[in-house]
Amino acid sequence: MDAATHTRRAHSFNAAAGSYAAYRPSYPDALFDAVEELAGRSLSGARVIDVGAGTGIASARLAARGAHVLGVEPGAGMAAQYRHDLPHLPVVRGDGNALPLRDASADFVTYAQSWHWTDPERALPEAMRVLRPGGALAAWWNVSDPEVEWVAAQGARLREWFGPEAQAHGAPGAQGPHELQKAPQPAQDPRHGSARDRALADEADSASRTVRWSRRVPLDHHLANLASHSILLVRDESTRNNFLAAERAALLAVFPDATIEEKYLVELTLARRPAH
């Protein structure tokens, strides 16, 4: 993905913040159990900086675990939705490449579905600067499970319509960051072929975990979730509507009751700042 396309897709969410908040999946308890296990400390009472916080989907879950959460969000539309949905949680404008925070001020820096929008050569040192000694940077993605037959078929349709980058950032067929460590030719992967997405997995003091979960949603809800991905948000309305109409027909052939079981892999990678 070239720089202009990357920027356009990153900014596309602001106009669709309401749909993003309403239809995107949240995260299971088991994910936060894994974060605590890999970090070696509880989220309860921890100071957490949720970067690229979007509409606050992860921030809300972190707060429910007892964390003291500050959201950092670059987009005006997404930050406004965060404030609307979570008035009890603070959020500031900023991004991971230049965090508006003092040194050694956080126990966790988290990136939920957002690390891929950073420049890792800047974002990784920034996270380590803001973390206290022994603190942890945790990044995770909800990725549609490619081993599920209908998910793989949907991924193929997305690629037919929009090209290989249609898999990126959690759409059907995408891989999570630590899958790089298993792939014989990671550079061939359309999402993780660059240093941007390998940076965390390459950290010396890093660990990874996969958490499986699922949710059942009406077909309209599933399509609205799909439409909230940047690969569709940047398309013209006619193309987007034509794809979604065709996708509705394809899914009704598999789910005649119009209820979809979305199966996810949450791909988590955690890197720790040395304690000394």
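These lines cover the structure that appears in this document, whether it is placed above or below. Quick caveat: nothing in here was measured; it's all calculated off a predicted structure.

### A word on the environment of Asp 107
Reasoning step 1: Here Asp 107 shows up in strand E4 (residues 106-112).
Reasoning step 2: A relative accessible area of 11% means that Asp 107 is categorised as buried.
Reasoning step 3: Measuring from C-alpha to C-alpha, the distance between Asp 107 and Arg 41 comes to 9.3 Å, with 66 residues separating the pair along the chain.
Reasoning step 4: Among all residues touching Asp 107, those that are not within four sequence positions of it are Arg 41, Ala 46, Arg 47, Leu 131, Arg 132, Gly 135 and Ala 136.
Reasoning step 5: Looking at Asp 107, its side chain comes within polar contact range of the side chain of Arg 41, at 3.3 Å.
Reasoning step 6: Looking at Asp 107, its side chain comes within polar contact range of the side chain of Arg 132, at 3.0 Å.

### Here we look at the sheet that holds strand E6 (residues 206-218)
Reasoning step 1: The strand order across the open sheet built from seven strands is E3-E2-E1-E4-E5-E7-E6, with neighbouring strands paired in mixed fashion. Only two strands of the sheet have a single neighbouring strand rather than two, namely strand E3 (91-93) and E6. Averaged over all adjacent pairs, the angle separating strand axes in this sheet is 20 degrees, with direction ignored.
Reasoning step 2: Pairing of strand E1 (residues 47-51) with strand E2 (residues 68-73) involves five bridges; the strand directions are parallel. Each residue of the ladder has a partner; that of Asp 50, found in E2, is Gly 71.
Reasoning step 3: The sheet contacts of helix H5 (residues 76-85) involve E2 and E3, and relative to E3 the element is tilted by about 165 degrees.

Conventions and cut-offs
One numbering rule holds for all chains: residues counted from 1, following each sequence as written. In view of the model being predicted, local features appear only for residues whose pLDDT reaches at least 70, and side-chain atom pairs are presented and counted only at 80 or more, with totals across whole chains, interfaces and linings using the full set of residues. Heavy atoms throughout the structure, all of them, feed into the side-chain values; hydrogens and water do not. A run of H or I in DSSP counts as a helix once it spans at least four residues, and a run of E counts as a strand once it spans at least two, with each numbered from the N terminus. When accessible area is computed with a 1.4 Å probe and restricted to protein chains, residues below 20% of their type maximum are described as buried, those above 50% as exposed, and intermediate ones as partly exposed. The contact definition used throughout considers only heavy atoms, calling two residues in contact when any of these lie within 4.5 Å. As used in this structure description, the phrase polar contact means that two N or O atoms lie within 3.5 Å; if the pair is within protein, one of them must be able to donate a hydrogen and the other to accept it, and residues adjacent in sequence are counted only when both atoms belong to side chains. The pairing criterion for strands is at least two bridges between them, as found by DSSP. For helices, the fitted axis covers only the stretch in contact; all axes are lines through C-alpha atoms, and the angles between them, taken along N-to-C directions, range from 0 to 180 degrees.

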